[in-house]
Every structure is written in structure tokens, then in C-alpha cells.
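Each chain is listed here by its residues.
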Amino acid sequence: MNITQILLAAQSADGNLRTVAEGNLKQFQEQNLPNFLLSLSVELSDDERPPESRRLAGIILKNSLDAKDSAKKELLIQQWVSLDPSIKLKIKESLLITLGSSVHDARHTSSQVIAKVASIEIPRREWQELIAKLLGNMTQQGAPASLKQATLEALGYVCEEISPEHLEQDQVNAVLTAVVQGMNQTELSPEVRLAAVNALYNALDFAESNFANEMERNYIMKVVCDTAVSKEVEIRQAAFECLVAIGSTYYVHLEPYMQTIFNLTANAVKGDEEPAALQAIEFWSSICDEEIELQEEYEGSDDANSTVNYRFIEKALPSLVPMLLETLLKQEEDQDQDDNVWNISMSGGTCLGLIARTVCDAIVPLVMPFVEGNITKPDWHCREAAIFAFGSILEGPSVEKLAPLVQSGLDFLLNTTKDPNSQVRDTTAWTLGRVFELLHSPASANPIITNANLPRIMNVLLESSKDVPNVAEKVCGAIYFLAQGYEDAESISSVLTPFLPNVIAALLSAADRADTTHFRLRASAYEALNEIVRVSSIPETSVILGQLLQEIMKRLNLTFDLHVLSSGDKEKQSDLQALLCGVLQVIIQKLSSSDAKSIIAQTADQLMFLFLRVFACHSSTVHEEAMLAIGALAYATGTDFVKYMPEFFKYLEAGLQNYEEYQVCSISVGVVGDICRALEDKMLPFCDGIMTVLLKDLSNSMLNRSVKPPIFSCFGDIALAIGDNFEKYLPYAMPMLQGAAELLGVLDHTDDDMVDYGNQLRRGIFEAYSGILQGIKGAKAQLMIPYAGHLLQFTEAVYKDGSRFMSCTLQIMLWVMFYLLTLHLRVYNFRDESVTKAAVAVLGDLADTLGPSSKDLFKSNLFHVEFLRECHDLDDEVRDTASWVQGMINQALVS
Amino acid sequence: MAPPHRPYKRPAISDQQRRRDLALQAQSSRRADAQARARSLANSLLSPSSAETAEGDSERDHEPTVTDVATAASKLRGSDARRWFARHIMLPEWMADAPPHLASDWHVFARPAGKRCLVVSCNGMTISRVRNGSILHRFPSALPNGSKRDISGPASSYSILDCIFHEPDETYYIIDMICWRGYSLYDCTAEFRFFWVNSKLMETTAGDPPSTYHRYRFSVVPIYECTLEGLEAAYSGSTPYMKDGLLFYNKHVHYQAGITPLALVWKDEACSQYIIDTDSKGQVPSEQHVVLELQEDGKLATSDDPPVVFGSLDNEFIQKSNLRPGNLLRFAFRDERVKLVDGKMEISELQFVGRPNRARAFADSHSKALFQYAARHAPLRIEDLVASIQSNHMEVKSTDVEMQG
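Nothing here was measured: the structure is a model prediction, and the numbers come from that model.

## Considering the overall build of chain B
- Per the secondary structure count, chain B includes 10 helices and 19 strands.
- Counting the 405 residues in chain B, one finds 50% classified as buried.
- Excluding contacts between residues fewer than 6 apart, the proportion of contacts in chain B whose partners are at least 24 apart in sequence is 67%.
- Within the structure as shown, chain B displays about 18900 Å² of accessible surface, and the carbon and sulfur contribution to it stands at 51%.

Spelled out as C-alpha cells, the structure:
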């Protein structure tokens, strides 16, 4: 069988044939990878072969170059890089030839594969001729439209795959020229023009200096705007997508074009087909995003405001709002509540909400007449649009502006929950939720919800929780926010107590009813239940919560009897278990922080048994929510938790090794801390296993880096629990801490994320040292002497990072003022306050543990004097810690 | 067509993320607690007064400092901590005679009936300990750092209040303030401390009715200048709590541990249900009782500093009854066996009754025995207090006249 036959067989309807063919392909790949890839590229490029085999050949090629999983991807890249250069050359030539193929699928697939190869080679300064070759296709006399189309597609994908620093400016210029020419109306083929607009979309990030140049910018903008009125709707849509991207990437250059863009978008919203109209609205939404972000970033520094924030939304407001209100009336009849539906009224309402957040009070008078004029009309479209408009503007405007409107409208809304049309009821329930989320504050002078109207509100919500699933889901959301309002007003949360039994019953039956069909309702119902539990007033509700605990345990128990036939069933079971474990976690936390703790103590055995069963029924993974709940249980039960350890340990170990789902790993690390504090020295027998896994985690490059700082903190937790028994782990843990400290020196200080990460790492390292020092303190304190010097050096380095702050800030400020008006730079400190506190505390721990032995160290490293002095200018907590540290160091120095 | 990244009619938060976040927050605050505990134990070694060997007298001589208070607040475990607490409460003498200058130098207030205790809030937890040092309640409160919920400033900064827990309305009535947000009020006058109680409590919501993060309400007691009007208000004014006598505080007295004559307690039938001591059955015994502490040398002494000796036990009796120095013992005596010499009681024949209630931490003070003696015979009456104020009042007036003249 030749490769063509195998590739065809691999797509056969006959399962047996398919299996055999897949086996053959795998065998070929394993035996001779270079030839395998070469044959695939030949297959793809050969116009004589059937399109089906060519397409599959292309896909397999693509999958041989890239994978979602980062470790696998790295492996594939290495494989490609180490191929014989002559083979690679042949493959790349085949790929480029395929762009000229008359078979659309073949050239389309080829353009994707080209981009994958480019993403590996161009950053390595290889295949530098690629761009020139592609541009050659475009300028070639009489090039067929199909070649141009495929070439533009390839250019677009290449831009998507690589980052701007890997192309020279002249290459960028040439790409943009080719792309913009392809968009020109003189280009007759619509396929070429569509491919060109899409390529431009991907190339925009490369065009920074072109956008900075007025002439080039004018040209690009003109072509994009012209393209937005093309005959073909796909092209218009793609042009608006470009405008959306330009709006957020080059906001600062937009001003001269806004009038034109407004006209274009207004026409599209009013009269264009939905795909184009949606993007036209999205343009304004993204301008809102920009301006909201600008306001947030420059909040408190008014002078910076006017220079970068054009307030486009504010200026366009009088025309923009009526335009969007019109869209609200264009609801679809049986608007599906599915996540995948997105239509013009949804998009319009969403944009209206963003505008409210951008301009605040100014939107209210523009929207209220529409609300009042439509809310009582017989056509449900009008009523729904009115309520949606009202609900959309609740975030942004001031409470003073909104409270009177909400107060007078609340009763109306409550009545509308009985509207004959379910979409009206759905939007009403959502709006009630927004009212409670944004404006309900029981402790305020003039609360929306009072003792007088609470019974009616509750009554309405409980009644509506029986409505159709999508409405009931929103009602659960409303209950969630209603409860959340009492979070900061615990003292009055007992007003909810009389309603509790009925609310809980209603939520439980809402969750029940949804059991098989509507997962979101079920999730909403249980989450509302969580919030109800969080705010309930203890002890008066402890009996009710105790009963709820029993009910949820019963429900969790039932999940083990579910019929699990498919992987879909398995997922459903796991999701339901997640929700139920979530509720249990919240109840455990609630009760264990109160006098009702005994309820947890009495139920701990059963709870633990259930959690272990949840673990047991998912062999492939460790259940995250069950793990979280166990953390809460460990805290609640204290030393008694030790009896669960033998059984639980294997799951904990598995959780700590779950590199793929790093959230699970991260939560498991947290749970180790919980257990340390619960078990104290009873933790000892389990520490060998745990330390082994934690050390492995630290050296695993596949594990998401965010898990690593907590692992260091966890070392501290373990040491604090087992005291000087930590001795045997010192030879392993300490080099890790020192290595991490050195890594900090080479982190990129200009990347916000890396600065954040650096601070997490610093805190983790200090917390580890603190825990270990305090744990080892006493008879074996001398063990720490060899590490003291490094710790002091590291602390000094961190301290000095902080003092660089001033000059760096200054630099950045200047930079911002002169060059980077376009970029939203956050001015940051290299060392945040929590790091300072941890750093200063560790000095005290060192002095405390080593006592007189640390005298010389502190005498020869005098930075602590200055450091402690600086701490006195910081907040109370740091100051308090600093004076304790001062006492400790003094003690050591005078000894 | 999939919506871009925009949620439609859906809240932006995820409860699951909240559960994770809340769990992380809880974990990191517990880690901070654990580290603070480790550090505070070290801290206690720094301050001399709290060395494990510190006992009665030496401890009382020592002027408490903020560090001591920190020690007390952090050492929430063990018998030493209990002893510390018990020794650091300021105890009034029983009023045998009205002191001079009541109106100008003294405050008066109605003492709530209930359990006297020290309330410490720090590290997100509030703990009350009664006189013998044992814990009455461990609870969240709206005092500074009194619950996990609102940790403001350093979590370890502590507040210490001197309170009476009044069972019927489950309220802590604050009668004095020792420390507030880490600021020590030991060396402040009573006048200033009372002022702070009122103004600082207002800064918190500790006066609110109980809720999840605030298990018990705290309340101030109305404190008056001890003028005729003030005394009248304290004596017969209505209070939300049941009264148990009146407390008099000299305006200038600092907070000092142990019994002080600058704080006085007085009661009669009108302002207290408990005038004359009752026995374990709640009956007023026909003979006066007194609880005394057995010394090393067999002497029986009061809790005063220095102790007043009322009698002694012979070795044979001590061995036979298996008694040890430090034991508290209850005795009865007949009125005719009492002599008053220079205001001091002398008792010539004590009869051993038995051991007092185990919760008892201290022997009776001399002034208490004296007050009880007086209460059975010739009590100090409210009229006597009024008369004392009136006479002071006249003195002041006449002084004024002289000065003007």
C-alpha cells in the first residue's frame, strides 16, 4: 500500500480499515521520520493525488510541528530542528509549490503548515528567504488569483505565529505593502481581497512604526475603511474586525479617523447584515474597553488623563446611545440561551453596558426615556428591550443617580417576573440580579431592600425559581447577589434567617429539577446556596446548616450510583460532585469558624469517607473541589485528621503530581499546609513522601510556574509542624531555595507578569526560610549556620531591589511621557510590601534561631540597619514586625 | 457564531474561583498565625517579667510594659498564661470607709453582675478569661483584630479590655481598658482610660448586636463623677444590666495589677442581690466565712499584698488533712472572736469548714472580710456616702471663700 492509499484508508468509514491504516502511519513515522514527513509533503504538493489524502497529509504534517501541550510541542520542535537540512529544504519547497495548487484545500492546508515551520525557524534566524519568496508570488506577472490568495493566507498565518521582533522592519514594510495591495478594489478576485484583509488583521501587531508614520497610517486606514463597504459581506466583516483590532492596538492614533469610522459603523449597525453589524458594534465595545482601562489606570492622576484619553465615547454619546437602543429591539423569536448564540440585540446591550461604565451618569438621561416609553408596550420585544436597557446601565452611574430609579422601579420589576413572555421574564430576573449585585447595600442609609419589602422580594424570587430553566437560573443568580449584599453587614444578615428554610428548599429543588438537562441552572442553584451559607447568621442558623450538610452529603452519596456509560456521563458526574463538594466546603468553613464546630466534628468521618469515594471514582485525576473541601475539613478537625491520613495520603500524593491540571496541584500544595497546621508533629510519618514529591515538582519544567512559590511556603509549613525533624530535608530543600533565589536575578524586570511572579517567589522563599528557622530553633539551631550567609545576601539583594525603585520609577515616567503614550504601562515597584514584611521578618527569625552565633553576621552585613529604619515609614504591620526584628537582632548583638 | 469574549447576562465572577480564593486567603492567614505563634514564644523570652519562674511578689513589683502585654496576649496556652492573666487584673478593695474628696477625685459606676474577665482580641480571635485564668469564651468579635474577618493593621496588635460578662443579655460590659490596638494604657489615669473606652469603642462596631463575626455584644457602662448627682445616678439610675454594687475609681489611678485601695467596691441591698456571702447552697451562714491561703509556715493569710495573717494551722492537722502550702481553705468564725485594731481585723478562733469551690483562684482580701463583717453588723450606708460628699463639698466651698478673701 502506498502512502496515498494509507491516507485514504485512515479516513474510511470502516473502523477496521481505519485502525489498520492509523497503525501503518504510526509505524512509518516511528521507523523513518524524515522520510515520513517528506512523503507527506510530496503527497500534499502533488496535484495528481486525491484532495482527501492531500488534506490529511497536510494535517499530519502540521501536527508533527506543533501541539497544544507545551512539553509535547517542545519535543516536536526539537525533532524538526534536528532533521537533515536537505530533507527540510525539500519539504519547504513542496509546501511553497502547493500554494499554487488549484485545489483549495491543499493550498489552504499548506499555508498553515508553512506558518508552523516559520514559527520554529524564523526565531532561529532560519528560512529568512520565506518572506521574500511569498512576496515574489504576489508580484509575479500574471499570478493566478488562487496563488495570491494562498500566499496572503500564508503571510497572515506567519504573522499570527511569530512575534514582531523576529521580522526586520523592511520585511514588515514589504508584507504590509503586499497585503494592502491585495485589499485594493482594483484586485478583482474577492477571495484574494478577503485573504488580504485577514492577513492584515494578523499583521497589525507588526505595524507599530507604520502606524506611527502619518502618511502610512492614513493610507492603511483609508484602505481598511474602503474595504468596510465592499460588496461581499465576509470582506466587510473582516474589515470591521481590523477596525476593532486597530481601535484597541492603536487607540492613540485614532482621532483623525473617528468621524469616518462612526459613519461606517452607524450604517453597518442600522442596515448591514448581522456579521458585519456585530463587528461594527464590537468596535465601540472595544473603544469602551480602552477608555475604561485608561480611566482605571490613571485614576487619581488627572493630569495624565487628557493627554491619552480622547473620550471618544463621551463625544459620540448622543448618537451612539440611540443607535444601540434600536438594536435592542431586534431580538430573535426563540432566542436560544445557548452560549454560542450572539446576535445584534445581545451585542447592542452589552455595548450599552460598557458605555455606562465609561461615561457613568451621563448615560442615564439618554436611556431612561427609552425604558419608560417601551416598558408597558404590548409587543414583548419592546418590554424586553426596555428592561434590558435598564439592566445594562446599572453598572457605572453613581448610586445617587440610580438608587431613586431603582427604588421606584423595583416593584414594577417584581411584577414583571410574571410577564407572559419568557424572554421578558428572563431579562427581568437578570436585571433583579444586577440590582442586587450593584446597588443592594443593607448597611447604607437608604437601602434598596428593607425589612418592609424583603418578604415580597423573597416571595417573588422563590416563586420564579420554579420558572423555565433559563429564567430560574437568573433567579438563582439574583438570590446569590441578594445574599452577597449581607456579606459586609453580618450584623443584619439575620434578617434572612426566617426565609432560610424556604430559600434552601427552593434552591435544592431547582438544582434537583435540573439534574439531567440544564447544567447551568444546577450550578447557579448550588452557588446561590453557597452564598446563602456564607452570609447566614450563626448560631441561629446552625441547626439549619447542619441539616443542609446532611442533605448535601446524601446527594453526594447518590452520585456514586449514577449510570456512567460514556465519557460525557463521567464528566457530568464529576461536575455534579464538584458542585456538591463546593457546598460542603463552604458549610465546613462556615461551621468550623463558629461555636457550631461540633457539627463538623461529629460528621467528619462521613465527610471524609465521601471525599475519598469521590477521589476513588476518578482514577485519572484528583478531584479539585474534593481536595479543597478536605483542606477545610483538616482545619476543622485539627489533630484528629491524622486518622484519615493513611487512606488520604495516596490521593494527596497524586494531587501533588498532577502537572497537567496545575490548579489541582496548587490546591494540593495548599492542603499540605492546612494539614501541617492541623497535625503539627503528627505530620512526621508522611513528610518523606510529601517532601519527595514537592522537590520533584520544583524541578519539573512542565509544571506551571505559579505553583512553585507556594511550594516554598509549604516547606516552611512543614518545618514549622515537625520542628527539628526537618533536619533530614535540609540538604535537599536548601539548595532549591538558593537556586530559586539566584533565578530571581535573571528574571525580566520589564515584564509586569514576571515582576509579579518574582515577588511571589521572593515571598515563598522567605516564608520557607522563616518556617525552617523557627522549626529548627532550639537544640539543633547550629544546623542553620551554613545557610545564614546566603540568606543574608539574598535578603540584602531584595532590599536593594526595592531601593532602586525611585530611579526606575523616574526612568519609566520619563519614558512614558516622551515615547510610550500608547502603551498602558503600569508603574511598578520591584518589591511589594508583603515581600518587605517577609524579608524583614526572616532577619528576626535568623537572629532568634541562631542567637549569639548570628552576631558576627549581623555585624558584618549592616544593611539591616538601613532596612529596619526604612520599615518604620511603612504600614503598621511592617513596622510592628520590624520592631520585633530589631529586638531580636539587638539581643543577638549584645550577647 | 460564537460571541467574542463578552459575557451576556452572566455575572463576571465564578463561585469556584471565589472558593479557591477564599481558601487561599484562609490558608495564608493561618500560616501567618502559625509563624506569629512561633515568633511570639520567642518574644516572651525577651521580657523579664514573664520568665517562667516569675511568681507573685516579684511580678507585682514589676511595672507592666507593652511587651508584657504582648506576652500575655500571645501566650494563650498553659497554666503560666492563666496565672499571668489572673495576676494582671486590677482588683478593688472593699470600701470600709468613705474616702475623702469623693466628689472631686473619684468616679463611680454601677457594677454589672456577672463574671469579671479580661478580654483579649488579637490575631483574628477574641478570648475572655475569668479571674482564675481559665477561658470563658473564645469567639470572633468586632474588636480590633478580634475576628478573621476584619484584620486591620498588624494582626498581632492586641487589645485588652477589663470586662464583666453579664449572662442575661450575653453582653460584655467594659469597665476598664488596658490596651487598645497595641497601645498600652497601663500608665494612663483612670479618667483617661474611661474616656478612651468611650471614644475607641465607637470606632468599632463592637457595640452592635451579635452576628457571625461578632459573637457577643460589648457595651460601655455609664461612668459618673462621684458628685451627689453622679452617685444618685449610679445608685438608683436604671441600667440595662443587673447591678452588683457600686465601683469607685480614683481618677488618677493607673491600671495596676492586684488589689488597690484606689479602686473600691461598695454595695447594699438596694443595689445588689449579694450583700452577705452565701455558702455553697446559697444560704447565708450563721457565722461569717472567710477563704484564706495556707502559707509555707502554716499561717493562714489573705490575698493582700502583703498578706494579712488571720491565724494558723498546726502541722498535725495539715498532714492529717493532706493540705499543702498554697491551698485555699474556707473558715468560719464567730463575731465575738473579732477585734478591730487600727482598722485591721484580728480573729482569734478560726474553724475549718472545708475547701472552697475549685474555680476559686484567690483567698479573700482583708477588706472583703472587713466589709462582710460590717455588713453583718453596722454597714456603711448610702447615706454615709452622701454625707461624705456633702462634707467634702462644704470644704471645697469654704476653701473657695478663703481664696477669694
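## Structural notes on the interface of chain A and chain B
- Every contact between the two is made by 75 residues of chain A and, on the other side, 43 residues of chain B.
- Interface of chain A and chain B: buried area, both sides summed, is about 5000 Å²; carbon and sulfur atoms make up 50% of it.
- Two residues, Arg31 of chain B and Asp717 of chain A, come together in a salt bridge whose shortest N-O distance is 2.7 Å.
- At 7 residues, helix α43 (residues 876-894) of chain A tops the list of elements feeding residues into the side of chain A that touches chain B.

## Some details on the pairing of strand β18 (residues 344-347) of chain B
Residue and element names in this part refer to chain B.
- What you see with β18 is a clean split: Met345 and Ile347 sit on the buried side and Lys344 and Glu346 on the side with no burial.
- In this sheet, β18 lies alongside strand β17 (residues 338-341) in antiparallel orientation, the contact comprising 4 bridges. Directly across from Val341, in β18, lies its bridge partner Lys344.
- Between the end of β17 and the start of β18, which pair antiparallel, lie 2 residues, with Asp342 showing a positive phi angle near 50°.

## Section: the sheet that holds strand β10 (residues 224-225) of chain B
Residues and elements named next belong to chain B.
- Spatially, the 5 strands line up as an open sheet ordered β1-β12-β11-β2-β10, and their pairing is mixed. In the strand order of this sheet, the two ends are held by β1 (90-94) and β10, each with one partner.
- Bridge count for β1 against strand β12 (residues 258-266) is 5 bridges, and the pairing is parallel. The partner of Glu93 across the bridge, within β12, is Leu264.
- Each of β2 (106-112), β10, β11 (243-250) and β12 touches helix α7 (residues 228-236); the most contacted strand, β11, lies at about 150° to it.
- On the sheet, helix α9 (residues 366-377) packs against β1 and β12 and is oriented at approximately 35° with respect to β1.

## Description of the environment of Glu290 of chain A
Residues and elements named next belong to chain A.
- The topology assignment puts Glu290 in helix α16 (residues 274-297).
- Overall, the relative accessible area of 8% leaves Glu290 in the buried class.
- Here the alpha-carbon distance between Glu290 and Asn309, two residues 19 residues apart in the chain, equals 8.8 Å.

## Some thoughts on the packing of aromatic side chains
Residue and element names in this part refer to chain A.
- Taken as a whole and assessed by the stated rule, the structure comprises 36 aromatic pairs over all chains.
- A centroid spacing of 5.7 Å and a plane angle of 40° characterise the contact between Tyr251 and Tyr310, whose relative ring orientation is tilted. Pair noted here: Tyr251 is in the loop between α14 (233-249) and α15 (258-271) and Tyr310 is in the loop between α17 (302-308) and α18 (312-328), with a separation of 59 residues, a long-range link. Across this residue pair, the class does not change: Tyr251 and Tyr310 are buried.

## What to know about the packing of helix α23 (residues 422-439) of chain A against helix α25 (residues 469-484) of chain A
Residue and element names in this part refer to chain A.
- Packing of α23 against α25 leaves a shortest axis separation of 8 Å and a crossing angle of 10°. Taken together, α23 and α25 sit at an angle that is classed as roughly parallel. The handedness of the crossing between α23 and α25 is left-handed. Between α23 and α25, the residues in contact are Ser422, Arg425, Asp426, Ala429, Trp430, Leu432, Gly433, Phe436 and Glu437 and Asn470, Val471, Lys474, Val475, Ala478, Phe481 and Leu482, respectively.
- Considered class by class, the residues forming the contact of α23 with α25 number 9 nonpolar, 3 polar and 4 charged.

## Quick look at the pattern of salt bridges
- Scanning the entire structure with this criterion turns up 56 salt bridges over all chains.
- Of the charged contacts, one joins Glu551 of chain A and Lys554 of chain A as a salt bridge, the two residues approaching to 3.4 Å between their closest N and O atoms. Within this pair, Glu551 of chain A and its partner Lys554 of chain A are both found in helix α28 (residues 542-559), separated by 3 residues, close to a single helical turn.
- Residue Glu551 of chain A is classed as partly exposed on the basis of its relative accessible area, which comes to 21%.
- Ionic pairing is found between Arg193 of chain B and Asp176 of chain B, a salt bridge with its closest N-O pair at 2.7 Å. With Arg193 of chain B in helix α6 (residues 190-203) and Asp176 of chain B in strand β7 (residues 171-180), this residue pair connects regions lying 17 residues apart in the sequence.
- Here Arg193 of chain B falls in the buried class, since its relative accessible area comes to 0%.
- Its relative accessible area of 0% is what places Asp176 of chain B among the buried residues.
- Residues joined by salt bridges that share partners form a network here, namely Glu487, Glu531, Arg534 and Glu625 of chain A together with Asp15, Arg18 and Arg19 of chain B.

Procedures and definitions
- Residues numbered from 1 in each chain as written.
- Chains lettered and ligands numbered in written order.
- Predicted model: local features only at pLDDT ≥ 70, side-chain atom pairs only at ≥ 80, totals over all residues.
- Heavy atoms only, no water.
- Helix = DSSP H or I, 4+ residues; strand = E, 2+ residues; numbered from the N terminus.
- Buried < 20%, exposed > 50% of the residue type's maximum accessible area, 1.4 Å probe, protein only.
- Contact = heavy atoms within 4.5 Å.
- Areas by Shrake-Rupley, 256 points an atom, 1.4 Å probe, with all protein chains shown as cover.
- Buried area = accessible area lost by both parts, 1.4 Å probe.
- Salt bridge = Lys/Arg side-chain N within 4 Å of Asp/Glu carboxyl O.
- Pairing = 2+ DSSP bridges.
- Axes fitted to C-alpha atoms, helices over the stretch in contact; angles between N-to-C directions.
- Phe/Tyr/Trp six-rings, centres within 6.5 Å; stacked < 30°, edge-to-face > 60°.
- Parallel < 35°, antiparallel > 145°, perpendicular 65-115°, else oblique.
- Left-handed = near helix turned anticlockwise from the far one by under 90°.
- Nonpolar A, V, L, I, M, F, W, Y, C, P; charged D, E, K, R; others polar.

All we've got here are geometric facts, nothing functional implied.
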